[in-house]
Amino acid sequence: MKELGPSPLISDGEHLSVDQARAAIAAALTPLIEREAVGLADALGRVLADDVISPIDVPAHDNSAMDGYALAAAELRSDGPTRLRVVGTAFAGTPWAGQAAQGECLRIMTGAVLPAGLDTVVPQELVTAAEGFIQFPAGTVKPQENRRLKGEDLARGRAAVAAGQVLRPADIGLIASLGIPRVEVRRRLRVAVFSTGNELRNAGEPLDPGCIYDSNRYTLLAAVRRLGFEAIDLGLVRDDPAALQATLEQAVARADAVLTSGGVSVGEADHTRDLLARMGAVAFWKVAMRPGRPFAFGPLQAPAGRTAWLFALPGNPVASLVTFYAFAREGLLRLAGAAAGAPQAVSARSAVAIRKRPGRTEFQRALLQRGADGQWEVSPAGSQGAGILRSMSEANALVLLPHEGGNVAAGQWLEVWPFDGLI
């Protein structure tokens, strides 16, 4: 476990770019080492701990890529039609035991093993079949066409799925096709989540004058679960040093990472800074971004010696979620041992002109769709205020306006993070 030591990128209170903040987080974190074996039925979304090495060739034999007739390439004629006698039929899972002689061919189904000496398959719809013979014109098929070679998809001893892969349905199917029933995965990451603020109330409770319902905790719990991690709900914490310390100690004792939103992220109160200084090496950053800016990150230690990483997010609902996706999401995936944590991005042209001030990265809620010419097109969705969560719900993407860039012209190409697979 690396400690967050002094660095010109992470000086307390310094203004950082988004890229600098992400680099500092990535440099500080190392993956969990604990692992476990799970059956394939329970492996979806888990992080693979070791390369899966294929114990077999896939396919195991040369076989037909389609229904048709198998023949030797030497039988193909270039000066007229090829005419061959059909001597048998091969089915997938039932190899043909005979041997074709000169002038003979074999009726074969998709996936059936190609017998020795037969290396070409002519599709059944391209031949004329009558009285035990087939015939087809010259040039209908090329030598060795329509066959799948032994080991063509995956050779014995090769890595089928690399360590660090977050297992998807196709990965699990591939592993199953190798006859492997269980895989080694990283232990599931445990993430504690709580919100701070005397004004917050839980959904379903009476709303006192001057109070608001807490949305951040529910948003962040859902975001953590969407990543496949265990989310630990520690509820609401009042703006009280003793209550905050007790909650943080509980979080460190139970979790690998801690997500907070509200007062901890800003560090406005001296007792917050003093408490975090006693518990670890948390740095308070001002990140040049919108929405967002106040952010705190670093290791916390419990009395028993256990360490958890704190990601303290802003209190405004949109700012909290945007900073989660900009920083915490990738950090949590790295901590979990995932090889690729950066959000998948697409390029899209801006449908409208957008005002932007140089010197900060802006994340605008946006609608991503196909334009009239089929190209990706993006436009802002609703109000961009940091507290307006409705526009985040109505959007389907975040559009990134780069740090050094200024106003965006209509038609300019931009980086976009689609919500599909992210939120």
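Structure first, text after, so check above.
The present account deals with the structure reproduced in this document. (Residues numbered from 1 in each chain as written. Predicted model: local features only at pLDDT ≥ 70, side-chain atom pairs only at ≥ 80, totals over all residues. Heavy atoms only, no water.)

**Observations concerning the pattern of salt bridges**
For side chains of opposite charge, pairing can occur when their charged atoms come near one another.
Now for step 1: Applying the stated rule across the entire model yields 19 salt bridges.
Now for step 2: A salt bridge links Arg187 to Asp256; the nearest nitrogen and oxygen atoms lie 2.9 Å apart. A residue pair is termed long-range when its members are at least 10 positions apart, and Arg187 in the loop between strand 13 (182–186) and strand 14 (190–196) and Asp256 in the loop between helix 4 (241–254) and strand 18 (257–261) qualify at 69 residues.
Now for step 3: Residue classification places Asp256 among the buried positions, given a relative accessible area of 5%.
Now for step 4: Of the charged contacts, one joins Asp373 and Arg349 as a salt bridge, the two residues approaching to 2.8 Å between their closest N and O atoms. Note that Asp373 is positioned in the loop between strand 24 (361–370) and strand 25 (376–380) and Arg349 in strand 23 (residues 346–350), a separation of 24 residues in sequence.
Now for step 5: Residue Asp373 is classed as partly exposed on the basis of its relative accessible area, which comes to 47%.
Now for step 6: According to the relative accessible area criterion, Arg349 is buried, its value standing at 16%.
Now for step 7: Among the charged side chains, a network of salt bridges with common partners joins Glu34, Arg187, Asp256 and Arg306. (Salt bridge = Lys/Arg side-chain N within 4 Å of Asp/Glu carboxyl O. Helix = DSSP H or I, 4+ residues; strand = E, 2+ residues; numbered from the N terminus. Buried < 20%, exposed > 50% of the residue type's maximum accessible area, 1.4 Å probe, protein only.)

**What to know about the nonpolar core**
If you look at soluble globular proteins, the nonpolar side chains tend to sit buried side by side.
Now for step 1: Counting 51 residues, the largest nonpolar core has Trp285, Phe311 and Phe324 as its most contacted members.
Now for step 2: Element by element, the count of residues in this core is highest for helix 7 (residues 317–335), at 11 residues.
Now for step 3: Residues Leu244, Val258, Met279 and Ala312 belong to the second largest nonpolar core, which totals 22 residues. (Core = buried A, V, L, I, M, F, W, Y, C linked by side-chain atoms within 4.5 Å.)

**So, the packing of helix 1 (residues 18–28) against helix 7**
Now for step 1: Interhelical geometry of helix 1 versus helix 7 gives an angle of 20° and a closest axis separation of 10 Å. Relative to helix 7, the element helix 1 is oriented roughly parallel. For helix 1 against helix 7, the interelement crossing comes out right-handed. Contacts between helix 1 and helix 7 pair Val18, Ala21, Arg22, Ile25 and Ala26 from the former with Ala326, Phe327, Glu330, Gly331 and Arg334 from the latter.
Now for step 2: Per-class residue counts for the contact of helix 1 with helix 7 are 6 nonpolar, 1 polar and 3 charged. (Axes fitted to C-alpha atoms, helices over the stretch in contact; angles between N-to-C directions. Parallel < 35°, antiparallel > 145°, perpendicular 65-115°, else oblique. Left-handed = near helix turned anticlockwise from the far one by under 90°. Contact = heavy atoms within 4.5 Å. Nonpolar A, V, L, I, M, F, W, Y, C, P; charged D, E, K, R; others polar.)

**Comments concerning helix 7**
Now for step 1: Taken as a whole, helix 7 carries its principal kink of about 45° at Tyr325.
Now for step 2: When you tally the buried positions in helix 7, you get 16 out of 19 residues, the bulk of the element.
Now for step 3: In the segment just after helix 7, Gly337 is the residue with positive phi, at about 95°. (Bend = angle between axes of the 7 residues up to and from the residue.)

**A closer look at the packing of aromatic side chains**
Now for step 1: In total, this model carries 7 aromatic pairs according to the counting rule given.
Now for step 2: Aromatic side chains Trp285 and Phe297 sit 6.0 Å apart centroid to centroid with 50° between the ring planes, which places their arrangement in the tilted category. Here the residue Trp285 occupies a position in strand 19 (residues 283–287), and Phe297 occupies one in strand 21 (residues 294–301), the gap between them amounting to 12 residues. This pair shows no difference in class: Trp285 is buried, exactly as Phe297 is.
Now for step 3: Seen in terms of ring centroids, Phe295 and Phe327 are 5.0 Å apart; in terms of plane orientation they differ by 45°. Their pairing is tilted. Of the two residues, Phe295 is situated in strand 21 and Phe327 in helix 7; the sequence distance between them amounts to 32 residues.
Now for step 4: We classify Phe295 as buried; its relative accessible area is 1%.
Now for step 5: The class of Phe327 is buried, set by a relative accessible area of 1%. (Phe/Tyr/Trp six-rings, centres within 6.5 Å; stacked < 30°, edge-to-face > 60°.)

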